[in-house]
Amino acid sequence: MPDKFYITTTLPYVNAKPHIGFALEIVQADVIARWRRARGDEVFFNTGTDEHGLKIWRKAQELGMDTQAYADENAARFDDLKRALNLSYNAFIRTTEPRHVAAAQEFWQRCEQHGDIYKRNYKIKYCVGCELEKTESELTDGICPIHPNLELETIAEENYFFKFSKYQKKLLELYVKNSDFVLPKWRLKEIQNFVAGGLEDFSISRLKAKMPWGVPVPGDDEHVMYVWFDALINYISTLGWSVETQNFASLQKDKPSTFEKFWGTAKKPNALQIAGKDNLRQQAAMWQAMLLSAGLPSSKQILIHGFINSGGQKMSKSLGNVVDPFELVEKYGTDAVRYYLLAEISPFEDGDFTIEKFIVRYNADLANGLGNLVSRVATLLEKDAITLTLTLSPRERGLEERINKGMRAYQFNNALKILWDVLRAADETLSRQKPWEIKDLAGKKKILEPVAQDILNVAELLQPFLPDTAEKIIKQFSAKQIKKSEGLFPRI
RNA sequence: CGCGGGGUAGAGCAGUUGGCAGCUCGCCAGGCCCAUAACCUGGAGGUCGCCGGUUCGAGUCCGGCCCCCGCAACCA
């Protein structure tokens, strides 16, 4: 019986092009998904786009476009990552889809039934100069930095609020009971401290008159849901919650729904989420409180990755150091980009991307390392027409276990290092045993066969990381007569 | 005393249970000449931020201090 495995990324907001940071998140998720599939699990891998809210609405207005048309255009660009990065997700949910809107409304009603939604005055600061609402973090010393001479107006607006504060205790229990609920450990500590410090209810609606681009609040035509509230629900709307859940409940009592199979149950939560460090609170606290309120199972685990800086600085448009994943793939290939994200960037800490570092890593590991070794061995075999019978399976036991150990801790960089150690050892063996000096073909074969087998073993275990490259090598090294092929990674 | 992360060779980093300080790039010397001017070996280069403690032994544990970087909620 294969295990059911669920993994989801956060949904990127479609007001900008996909950037390298999201590429990191989705490639990490992809490796985990592929790894689980290779182990025989049935995998549900979700991603999608977050499309409601002020920024998108305003941007579409600026462009004179229909808001949905604008969202469609941008959502398509995110889905393009699938091909560019060779991703294996099987679900792409958009928060403007009817099934998601319906789920969000159902979810809202459940929270409301539990007495967790209420209306209250919400004071906002408004800068007449900018004609915009301002949050505290946008202000310096309580005044708008762009219009320091103007006084801010305070506008009181009625909003719906979610009783976040009510769930403080339950959230803390959740963290205590599941010591690896959030990885890395210090992020769990961070969220624990945050929740322990006290929670304030948060606003979950906006006045439709001011900003109509959102999910309508059930039973109140004046309001739409604040984008965060609806966006988080994608993790379950993508599974067919709640329409399917309800159908199953009435029709087939004993058969678990897709939702239960993948999202899990209260006793056995099953959902793995992956998110950036800016999303810790939303995913590990707010979303979990929302699930508790709606009477649904918590997530099982949340992985928090860091940010990618460029030359030690934050990527920003004004600095001109923003990295476009499509451009990189175009120039250097999918697997080269995947390799950098997985091998060079620490899975949990902030990482750094510069084109110089990328090229150094590419040449050292992909061109001089893997690519050169494959071509080295293939040529030696082809030249003397040495035929081998290598086996793809059973895999080399110890090596596979070491990779699995790294993967269970989501240490992609360590797992890859283990594989590269094998490649290095192969190069060393060749230099020491000098098969090219040996006249006797049987003797030559004796040296080359285990080296070729090592390459095949590495290729097989490399599949979740560099699927395309791995497949090429497996094909090449499964032939009786291994032949030289085009270089995998030409030196740059 | 808000919270968290970091400070290890010229640069970038690894060091999970305390046991002779490692990796990649760069630099120097040698080897090889099968391979994508690739590969292999050796070398130079570090008071592991500072001070104190525990220990036979600390980069690793404990206490204090200094510096750098994020975050401080309804900015999606």
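Residues numbered from 1 in each chain as written. Chains lettered and ligands numbered in written order. Predicted model: local features only at pLDDT ≥ 70, side-chain atom pairs only at ≥ 80, totals over all residues. Heavy atoms only, no water.

- The name an unreviewed UniProt entry assigns to chain A is Methionine--tRNA ligase, from the organism Candidatus Falkowbacteria bacterium RIFOXYA2_FULL_47_9.
- Quoted verbatim from the Sequence similarities (unreviewed entry) field of UniProt, the annotation for chain A is "Belongs to the class-I aminoacyl-tRNA synthetase family."
- Looking at chain A in UniProt, the text filed under Function (unreviewed entry) is "Is required not only for elongation of protein synthesis but also for the initiation of all mRNA translation through initiator tRNA(fMet) aminoacylation." (UniProt positions renumbered as here; feature names shortened; annotations may be inferred.)

Notes on the pairing of strand S11 (residues 271-276)
Then, in step 1: A large share of S11 lies buried, amounting to six of its six residues.
Then, in step 2: Because side chains alternate across S11, one face comprises the buried residues Ala271, Gln273 and Ala275, and the other comprises Leu272, Ile274 and Gly276, equally buried.
Then, in step 3: As paired strands, strand S1 (residues 4-8) and S11 are joined by three bridges and run parallel to one another. Its bridge partner lying in S11, Thr8 is registered against Gln273.
Then, in step 4: Note that S11 and strand S12 (residues 301-305) share five bridges and pair parallel. Opposite Ile274, over in S12, you have Leu303 as the bridge partner.
Then, in step 5: Following the backbone out of S11, through helix H12 (residues 280-294) and into the adjacent parallel S12, one traces a crossover that is right-handed. (Buried < 20%, exposed > 50% of the residue type's maximum accessible area, 1.4 Å probe, protein only. Helix = DSSP H or I, 4+ residues; strand = E, 2+ residues; numbered from the N terminus. Pairing = 2+ DSSP bridges. Right-handed = clockwise from strand over helix to strand, strands pointing away.)

Quick look at the side chain of Gln282
Then, in step 1: Its location among the elements puts Gln282 in helix H12.
Then, in step 2: Those residues within four positions of Gln282 in sequence are excluded, and the remaining contacts are Trp228, Leu232 and Trp287. (Contact = heavy atoms within 4.5 Å.)

Some words on the pattern of salt bridges
Then, in step 1: Counted under the stated rule, the structure contains 24 salt bridges.
Then, in step 2: Measuring nitrogen to oxygen at the nearest pair gives 2.5 Å for the salt bridge that ties Asp116 to Lys166. With Asp116 in the loop between helix H5 (98-113) and strand S4 (117-127) and Lys166 in the loop between strand S6 (153-162) and helix H6 (168-177), this pair connects stretches of sequence that are 50 residues apart.
Then, in step 3: One salt bridge connects Asp365 with Arg361, and the closest N-O pair in it is separated by 3.1 Å. Here Asp365 pairs with Arg361, and both are found in helix H15 (residues 355-383), just four residues apart, close to one helical turn.
Then, in step 4: Of the residues examined, Asp365 reaches a relative accessible area of 12% and is grouped as buried. (Salt bridge = Lys/Arg side-chain N within 4 Å of Asp/Glu carboxyl O.)

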